[in-house]
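Given next are the chains, with one letter for each unit.
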Amino acid sequence: MIELQGVRKSFGKNHVLQGVDLSVARGQSMVIIGGSGTGKSVLLKCVLGLVTPDAGTILVDGQPAATKGAGREPFLDRFGMLFQGGALFDSLPVWQNVAFRLLRGAKKRPKDEARAIAIEKLRRVGLKEQVADLFPAELSGGMQKRVGLARAIAAEPEIIFFDEPTTGLDPIMAGVINELIREIVTEMGATAMTITHDMTSVRAIADRVAMLHGGVIRWTGPIAEMDTTPDPYVDQFIHGRAEGPIESVR
Amino acid sequence: MNLLSPLAALGRLTQGALATVGRIALFAADAVSHLFRPPFYPREFLVALMQIGWFSLPVVGMTALFTGGALALQIYAGGARFSAEAVVPSITAIGMVRELGPVLGGLMVAARVASSIAAEVGTMKVTEQIDALVTLSTHPMKYLTVPRMLAATLAVPVLVAVGDSIGIFGGYLVGVNRLGFNPATYLANTRAYLEAFDIISGLMKGAAFGFIIAICGCFYGMNSARGAQGVGRATKSAVVAASVLILAANYLMTEVFFSA
Ligand SMILES: Nc1ncnc2c1ncn2[C@@H]1O[C@H](COP(=O)(O)OP(=O)(O)O)[C@@H](O)[C@H]1O
Ligand SMILES: [Mg+2]
C-alpha cells in the first residue's frame, strides 16, 4: 500500500537518500532501523510530502502521494505521525494537542466528546487525566513523547508513522508503548512505519524490518529472518558491535 | 578587477535585497489568497488581536506622547524664527496624524510584534510544529499567517488613531504648560486646520504597516533556518525588513496621497 521507488534526497552536498526502494503492505508493521543521521526521519517526511524528494516515486494505494491541491487534506487525513521531538503545540494545553484534529476540520466533534477521547488516548499511553490541562512545557521529555503519540493515534488514522516512539522512556513505559503500537496494528488494522534504535522495540513491534544505510535500503525481511541474515551490516547493528562494516565515526 | 569588486558586491547586495522583496511579495499574495478560503480560525484571530493590538497600546501611547511634545517644541522654535509661533497647534496635529503617528507607531509595533511573530513561528518551524500542523491537515498559512495578518492590518490603524490623539495631547501639554498657549486657543487651532483626509491617510498607512509587520514576521519565521541561531536570525531579519519596508511604503503612500 505504501511504495517507494528510487527515492532520492540531498541537502546541498549531503546526499541523504540515494535511491530508496521499499514497500509496506496494508496492515503491516514495518520497522526501519539504521544509524543516526542516515535519513530515516527524512524518509518518513518524504512520504508525507513534508520534504520534497529530488527524484523517485512514492505511491500510497497505487496513487502518487498528494503534495498539494484539493487531494492534500483527504490524503493527510489518513495519516498520523509521531515526530521525533514530539512537536507539541506549546500554546495549547495537552488535551487540545491530542484532540487537535477532533476540534477542527473534517473530523470535528463537540468539545466535550473531543476532550473525552483525548483523555482516553492519554490513558492508553500511560498518562493520567490530570496531565490533560497542563501545557507541554510543563511535561518531561518522555511525557511529551507520549502526548505526541496520543495525538498521532487520536483520530484513528489508517497509516501511522512513529519516529523513535520509545526514545527517552524508561523500560517499563517503553514496554507499554511497544504493546500499544502492536495493538494498534493488530486491532485497528492500521499500517505502521516505525523508526527505532531500540532492539527490544524492534522485536516487539515489527512484522518486517528494513535497514537504511548509505542512502539505500541495505536489507529488508521478516522479523524472523533478522537474526539469521548473513548481512554484516544488520548483524553489526542489531548486536551493537563497534567493529564491523559500519564506521563508528560518521 | 579589484577596482570593480566593491561595485560587484554592491550589485550582489542589491540583487539579494530585490530577490527578498520579491519572495516576501509572493508570500504576501499567497497569504491574501488564503484569507477568503475556509477553514477560518476565529480563535487564533482573537488571540492575535490581543497580542498585537491591546498589548501594543502602552508602547505606542508612550511613543506618541513624547513625540507630540517634542514636535510642539521644535515647531515653536522653528516658527519663532519668522514669528509664526501660532502655527504650533495645527502643524503639530497635522505632522502627528499624517506622518509621525503612523510611522513611529508602525516602527514601534514592528519592533515589538514582527520580532515576536518571527520568534514564535520560527520556533514552531525548527521544533517541527509546523510539520505537525500539516500532518494534522491544517494549513500553516491559514492557521498561522492569515489570523496574524488580519489582526495586524486591523489593529495598527486603531493603534495609530490612539497614538494620534495622545500625540496631539502631548503637544497640547507642552504648548499650554511650557510655551504659554491659551488652552482654548490651542484646541481651537488644532481643530481648525485639520482635515479629515489628514487623519484617514494616516490610518491607511497604519493598515499597510500592520500588514507589512505580520507578513514579515510570518515570512521569516516560516523560513527560519534550523537551530536557535536560525530563529535568532529570522527574528532580526523580520524586524529589519519590516522597518525598511514600512519606511519605503510610507514614502510611496505619501507621494500618492499628497503629491498632487
Ligand atoms: N531540513 C533539513 N535541512 C538540511 N539538512 C537536513 C534537513 N533534514 C535533515 N537533514 C540532514 O539529513 C540527514 C538525515 O537526517 P535524519 O533523517 O533526521 O536522520 P535520522 O536517520 O537520524 O532520522 C542528517 O545529516 C541531517 O542533518
Ligand atoms: Mg530521526
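Residues numbered from 1 in each chain as written. Chains lettered and ligands numbered in written order. Predicted model: local features only at pLDDT ≥ 70, side-chain atom pairs only at ≥ 80, totals over all residues. Heavy atoms only, no water.

(A) Spotlight on the packing of aromatic side chains. Tallied over the full model, the rule gives 13 aromatic pairs over all chains. Centroid distance Phe197 of chain B to Phe257 of chain B: 5.5 Å. Interplanar angle 90°. Geometry classified as edge-to-face. Of this pair, Phe197 of chain B sits in helix α8 (residues 196–222) while Phe257 of chain B sits in helix α9 (residues 227–258), and the two are 60 residues apart along the sequence. Exposure remark for Phe197 of chain B: the relative accessible area of 34% places this residue in the partly exposed category. Through a chain of ring-to-ring contacts, the aromatic side chains of Phe89 and Phe100 of chain A together with Tyr41 and Tyr143 of chain B assemble into a single cluster. Over the aromatic face of Phe100 of chain A sits the side chain of Arg104 of chain A, whose NZ or CZ is 3.9 Å from the ring centroid. (Phe/Tyr/Trp six-rings, centres within 6.5 Å; stacked < 30°, edge-to-face > 60°. Helix = DSSP H or I, 4+ residues; strand = E, 2+ residues; numbered from the N terminus. Buried < 20%, exposed > 50% of the residue type's maximum accessible area, 1.4 Å probe, protein only. Lys NZ or Arg CZ within 6 Å of the ring centre and 35° of its normal.)

(B) Representation of the nonpolar core in the model. With 90 residues, the main nonpolar core has Ile2, Leu17, Leu22, Ile32, Phe161 and Met193 of chain A as its most contacted residues. Broken down by element, this core gets its largest block of residues, eleven residues, from helix α6 (residues 140–177) of chain B. Apart from residues lying up to four places away in sequence, Phe161 of chain A is in contact with Ile2, Leu44, Val47, Leu48, Phe79, Gly80, Met81, Leu82 and Met193 of chain A. Leu88, Val202, Ile205 and Ile246 of chain A belong to the second largest nonpolar core, which has 52 residues in total. (Core = buried A, V, L, I, M, F, W, Y, C linked by side-chain atoms within 4.5 Å. Contact = heavy atoms within 4.5 Å.)

(C) Spotlight on unusual backbone geometry. Here Pro38 of chain B and Pro39 of chain B are connected by a cis peptide whose omega angle stands at 0°. Secondary-structure assignment places Pro39 of chain B in the loop between α1 (5–35) and α2 (42–52). At Asp61 of chain A, a residue that is not glycine, the phi angle is positive and equals roughly 55°. Relative to the helices and strands, Asp61 of chain A is located in the loop between β4 (55–60) and β5 (63–64). Of note, the phi angle at Glu128 of chain B is positive, near 65°, even though the residue is not glycine.

(D) Up close: the sheet that holds strand β3 (residues 29–33) of chain A. Residue and element names in this part refer to chain A. On the basis of which strands lie adjacent, the open sheet formed by six strands has the order β6-β7-β8-β3-β9-β10 and mixed pairing. Two strands in the sheet have a free side with no partner beyond their single neighbour: β6 (79–82) and β10 (216–222). Shown here is a sheet whose adjacent strand axes are inclined to one another by a mean of 15°, direction ignored. Where β3 and strand β9 (residues 208–213) come together, four bridges link them in parallel fashion. By the bridge assignment for β9, Ile32 is matched with Ala210. Against the sheet, helix α9 (residues 232–239) engages β3, β9 and β10, with an angle of about 100° to β9. (Pairing = 2+ DSSP bridges. Axes fitted to C-alpha atoms, helices over the stretch in contact; angles between N-to-C directions.)

(E) Seen up close, the sheet that holds strand β1 (residues 2–11) of chain A. Residues and elements named next belong to chain A. The strand order β2-β1-β4-β5 describes an open sheet built from four strands, whose pairing is antiparallel. With one partner strand each, in any of the chains shown, β2 (14–24) and β5 form the two edges of the open sheet. Bridge analysis of β1 against β2 gives eight bridges, and the strand direction is antiparallel. Residue pairing in the sheet places Arg8 in a bridge with Gln18 of β2. Taken strand by strand, helix α1 (residues 40–48) contacts β1, β2 and β4, and its axis lies near 115° from that of β1.

(F) Looking closely at the coordination of the magnesium ion (ligand 2). All names here are of chain A. At 2.0 to 2.1 Å from the magnesium ion (ligand 2) lie its protein donor atoms, namely Ser41 (OG) and Gln84 (OE1). Residue Ser41 is found in helix α1, and its partner Gln84 is found in the loop between β6 and α3 (94–98); the two are separated by 43 residues along the sequence. By relative accessible area, Ser41 is classed as buried at 19%. The exposure class assigned to Gln84 is partly exposed, which follows from its relative accessible area of 35%. (Donors = N, O, S within 2.8 Å, 3.2 Å for Na, K, Ca; no water.)

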